[in-house]
Amino acid sequence: MTEKKLSGAGLRGQSAGETALCTVGKSGSGLTYCGYDVADLAENATFEEVAYLLFNGELPNAKALATYKADLFAMRDLPQALKEVLKLIPKEAHPMDVMRTGCSFLGNLEPENDFSEQNNAANRLLAAFPAIMCYWYKFSHEGLEIDCTSDEASLGGHFLRLLSGKSPSAQHERVMDVSLILYAEHEFNASTFTARVCASTLSDMYSCVTGAIGTLRGPLHGGANEAAMDMIEKFKSPADAKEQMAGMLERKEKIMGFGHAVYSTSDPRNVIIKAWSEKLAAENGDTSLYDISVACEEFMWDSKKLFCNADFFHASTYNYMGIPTKLFTPIFVCSRLTGWAAHVMEQRSNNRIIRPSADYIGAEPRKVQPIAQR
Ligand SMILES: CC(=O)SCCNC(=O)CCNC(=O)[C@H](O)C(C)(C)COP(=O)(O)OP(=O)(O)OC[C@H]1O[C@@H](n2cnc3c(N)ncnc32)[C@H](O)[C@@H]1OP(=O)(O)O
Ligand SMILES: O=C([O-])CC(=O)C(=O)O
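The rules we used
- Along each chain, residue indices are assigned from 1 in the same order as the chain's sequence is written.
- Written order determines the labels here, with chains lettered from A and ligands numbered from 1.
- Reporting in this predicted model follows two pLDDT cut-offs: at least 70 for local features of residues, and 80 or more for side-chain atom pairs to be given and counted; totals over whole chains, interfaces and linings ignore these cut-offs and use all residues.
- Just so you know, side-chain values use all the structure's heavy atoms and leave hydrogens and water out.
- UniProt positions are given in the numbering used here, feature names are shortened, and annotations may be inferred rather than shown by experiment.
- Only DSSP runs of H or I with at least four residues qualify as helices, and only runs of E with at least two residues qualify as strands; both kinds are numbered from the N terminus onward.
- Expected helix span is taken as 1.5 Å per residue step, with the number of steps being one fewer than the number of residues.
- The buried label applies to any residue whose accessible area, calculated with a 1.4 Å probe on protein chains only, is under 20% of its type's maximum; exposed applies above 50%, and partly exposed to all values in between.
- Contacts are assigned to residue pairs with any non-hydrogen atoms lying within 4.5 Å of each other.
- Here a polar contact is recorded for every N or O atom pair within 3.5 Å, except that within protein the pair must consist of a potential hydrogen donor and a potential acceptor, and residues adjacent in sequence are included only if both atoms are side-chain atoms.
- In this description, the term disulfide denotes a pair of cysteine sulfurs within 2.5 Å.
- By convention in this text, a residue qualifies as near a molecule or strand provided that one of its non-hydrogen atoms is within 4 Å of it.
- Here, Shrake-Rupley sampling with a 1.4 Å probe gives the accessible areas, and only protein chains in the shown set may cover a residue.
- We call Asp, Glu, Lys and Arg charged. Ala, Val, Leu, Ile, Met, Phe, Trp, Tyr, Cys and Pro are nonpolar, and the rest, Gly among them, are polar.
- Source of the domain bounds: an automatic or database domain assignment.
- Accessible area that two parts lose when put together, with a 1.4 Å probe and added across both, is what the buried area reports.
- By nonpolar core is meant a set of buried Ala, Val, Leu, Ile, Met, Phe, Trp, Tyr and Cys residues that side-chain atoms within 4.5 Å join together.
- Pairs were defined over the aromatic rings of Phe, Tyr and Trp, the Trp ring being its six-membered one, requiring ring centres within 6.5 Å. Orientation was assigned from the angle between planes: stacked under 30 degrees, edge-to-face over 60, tilted for the rest.
- Lining residues are defined by having an atom within 4 Å of a point belonging to a cavity or pocket. Those points lie on a 1 Å grid over the protein atoms alone, cavities being sets where a 1.4 Å probe fits but cannot get out and pockets being open sets with protein on both sides within 12 Å along at least five of seven lines.
- Grid points are joined across faces, edges and corners, and a volume is the space filled by probe spheres set on the points.
- Only C-alpha atoms enter the line fits that serve as axes; for helices the fit covers just the stretch in contact. Angles between N-to-C directions range over 0 to 180 degrees.
- Between 65 and 115 degrees an angle is taken as roughly perpendicular, under 35 as roughly parallel, over 145 as roughly antiparallel, and anywhere else as oblique.

As recorded in an unreviewed UniProt entry, the protein chain goes by the name Citrate synthase, listed as coming from Cognaticolwellia beringensis. What UniProt records for the protein chain under Sequence similarities (unreviewed entry) is the sentence "Belongs to the citrate synthase family."

(A) Structural context of helix H10 (residues 205-216). The terminal C-alpha atoms of H10 lie 16 Å apart, and with 12 residues this matches the ideal 16 Å at 1.5 Å per residue to within 8%. When H10 is considered as a whole, its buried residues turn out to be Met205, Tyr206, Cys208, Val209, Thr210, Ala212, Ile213 and Leu216. For H10, the elements touching its buried residues are helix H5 (95-109), helix H6 (118-142), helix H9 (190-200) and helix H16 (328-349). Of the residues that open H10, the one with a side-chain oxygen 3.1 Å from the backbone nitrogen of tyrosine 206 is aspartate 204.

(B) View of the state of the cysteines. What the rule picks out here adds up to 0 disulfides. Here cysteine 22 is not disulfide-linked; the sulfur of cysteine 34 is the nearest cysteine sulfur, at 8.5 Å. Here cysteine 134 is not disulfide-linked; the sulfur of cysteine 334 is the nearest cysteine sulfur, at 7.8 Å. With a relative accessible area of 0%, cysteine 134 lands in the buried category.

(C) Geometry of the site of ligand 1. Around ligand 1, the structure places 19 residues, and the nearest of them are Leu220, Ile255, Gly257, Phe258 and Asn309. Residue lysine 254 places a side-chain N or O atom 3.5 Å away from an oxygen atom belonging to ligand 1. Contacts to ligand 1 include phenylalanine 258, whose backbone N or O atom sits 2.8 Å from a nitrogen atom. Burial of ligand 1 by the surrounding chains reaches 66%, relative to a free accessible area of 920 Å². Here the residues of the shell around ligand 1 are counted per class, giving 9 nonpolar, 5 polar and 5 charged.

(D) The arrangement of the side chain of glutamate 185 in detail. By the element assignment, glutamate 185 lies in the loop between helix H8 (170-183) and H9. Reaching out from glutamate 185, the side chain makes a polar contact with the side chain of histidine 343 at a distance of 2.7 Å. The residues touching glutamate 185, leaving out its near neighbours within four places in the chain, are Leu21, Cys22, Leu31, Tyr33, Leu54, Arg336, Gly339 and His343.

(E) A look at the domain arrangement of the protein chain. Taken as a whole, the protein chain is organised into domain 1 (22-219 + 326-349) and domain 2 (224-321). For domain 1 versus domain 2, the distance between C-alpha centres works out to 25 Å. Across the boundary between the two partners, domain 1 contributes 26 residues, which contact 25 residues of domain 2. Summing both partners gives a buried area of about 2200 Å² for domain 1 against domain 2, and 67% of it is carried by carbon and sulfur.

(F) Spatial organisation of the nonpolar core. Tyr33, Phe129, Ile232 and Ile323 are the most contacted members of the largest nonpolar core, which totals 116 residues. Counting residues per element, this core draws most heavily on H6, at 14 residues. Two domains each provide a minimum of three residues to this core, namely domain 1 (22-219 + 326-349) and domain 2 (224-321). Ignoring sequence-local partners within four residues, the contact set of isoleucine 232 consists of Leu289, Ile292, Ser293, Cys296, Phe312, Ala315 and Ser316.

(G) Region of interest: the packing of aromatic side chains. Scanning all chains against the criterion turns up 8 aromatic pairs. Each ring, one from tyrosine 52 and one from tyrosine 68, has its centre 5.7 Å from the other, and the planes form 70°; the classification is edge-to-face. With tyrosine 52 in helix H2 (residues 47-56) and tyrosine 68 in helix H3 (residues 62-74), this pair connects stretches of sequence that are 16 residues apart. When sorted by exposure, tyrosine 52 lands in the same class as tyrosine 68, which is buried.

(H) Expanded view of the layout of surface pockets. Taken as a whole, the second largest pocket encloses approximately 280 Å³ of empty space. Lining the second largest pocket are 13 residues; nearest its centre among them are Gly17, Glu18, Arg196, Gln347 and Asn350. Of the residues contributing to the lining of the second largest pocket, the split by class is 4 nonpolar, 5 polar and 4 charged.

(I) Structural context of the site of ligand 2. Every residue lining ligand 2 is accounted for by His186, Asn189, His221, His260, Arg269 and Arg336. Here an oxygen atom of ligand 2 sits 2.7 Å away from a polar atom, N or O, in the side chain of arginine 269. In isolation ligand 2 offers 270 Å² of accessible surface; the protein chains occlude 83% of this area. Here the shell around ligand 2 is composed, by residue class, of no nonpolar, 4 polar and 2 charged.

(J) Quick peek at the side chain of aspartate 177. Relative to the assigned elements, aspartate 177 resides in helix H8. Classification of aspartate 177 as buried rests on a relative accessible area of 5%. A polar contact of 3.0 Å, which involves the side chain of aspartate 177, links it to the side chain of arginine 174. Among residues more than four places away in sequence, those in contact with aspartate 177 are Ala45, Thr46, Phe47 and Glu48.

(K) Seen up close, the packing of helix H13 (residues 268-284) against helix H14 (residues 288-304). Contact geometry for H13 and H14: axes closest at 10 Å, N-to-C directions at 150°. In terms of orientation, H13 and H14 fall into the roughly antiparallel class. Contact with H13, carried on its side by Asn270, Lys274, Ser277, Glu278 and Ala281, involves Tyr290, Val294 and Glu297 of H14 and no other residues of that element. Among the residues making up the contact of H13 with H14, the classes are represented as 3 nonpolar, 2 polar and 3 charged.

Structure representation (structure tokens):
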């Protein structure tokens, strides 16, 4: 892949540590998890296999996968005390704040007392996040106290079932699975780096993940899928999209879902999720959202050489599956938890507190003047 030209700000291009979990912009399609190309995983694996891979370094065999899925299945329900807390959070709350509180509160009820419990804490969060998101959403928006368990075999299917109350189609379950695989891990991105900094102080798993959720919330990171949806649904047609985007660029507005801190010409996750968006558009019969998204992609490349990142076609994909826009970034949390937790474990396995230096640009040394003379 072409090397991206880098400037010093934002620690861009500087190595901040070692990892065996992931490469970004280096080999294969440009994204690998523990040596496997993400395109290969999105074609031939499930999200639970990827979670196992990130936590254990190897893909599971059939027996290990069955045991792992059974363990996760048994951890899906929420304690009543957490349900009561979620019921107190208003409808207007930001759903990422709900995820942050849900994670943090679970850490009070079921603390990670010792690092020997780290896998259990990570798996508990992985199994419980769909219910945290949906229990709050269904109660605050529809007044329903949903059952947080389901008999859906996959976590992606479980989430769709809690949200709609119906068993999802095989296609929707697979799209969810692929989406969770694509979002699972991405080296030293901002939220993962947050988790590692927190881990380096020897803090607990729930604190590391809570901090990471807060970092993912911003529109320059995970919040971009939601922001992309808000934008494309305002466009009336592909031509209108191009016209309005030209205005946005003229006004120097950031266009969410485009560009990347590491990739220079494409994000390998885009081609995969875009293909699913196209399939869902065909299934839906109304392809306008997909057509508008393609027009945006063409326009941004032709005018600024900016390309869609993982977030852009996730917007139309989730919309076609009937997922409310405000849950887009929380789904990212359900997936990226695997990457965050794997990095926390990796940091702990060879830890030194992360404490960089700063270049001082402030006032020269001076003396405190008595207050009456200032
Ligand atoms: C899953 C993820 O988290 S992927 C990222 C999701 N975030 C977004 O989609 C938000 C929109 N994109 C952006 O803000 C940026 O592209 C980022 C945050 C992803 C990367 O930021 P950087 O590494 O600083 O980008 P980069 O160095 O390539 O920027 C080069 C120039 O392109 C511009 N640019 C980059 N992305 C965009 C965009 N989406 N819209 C308009 N202009 C952009 C920048 O403003 C910059 O111009 P400047 O030098 O005049 O300020
Ligand atoms: O790597 C990054 O900076 C952002 C990103 O794409 C991700 O976290 O998936």
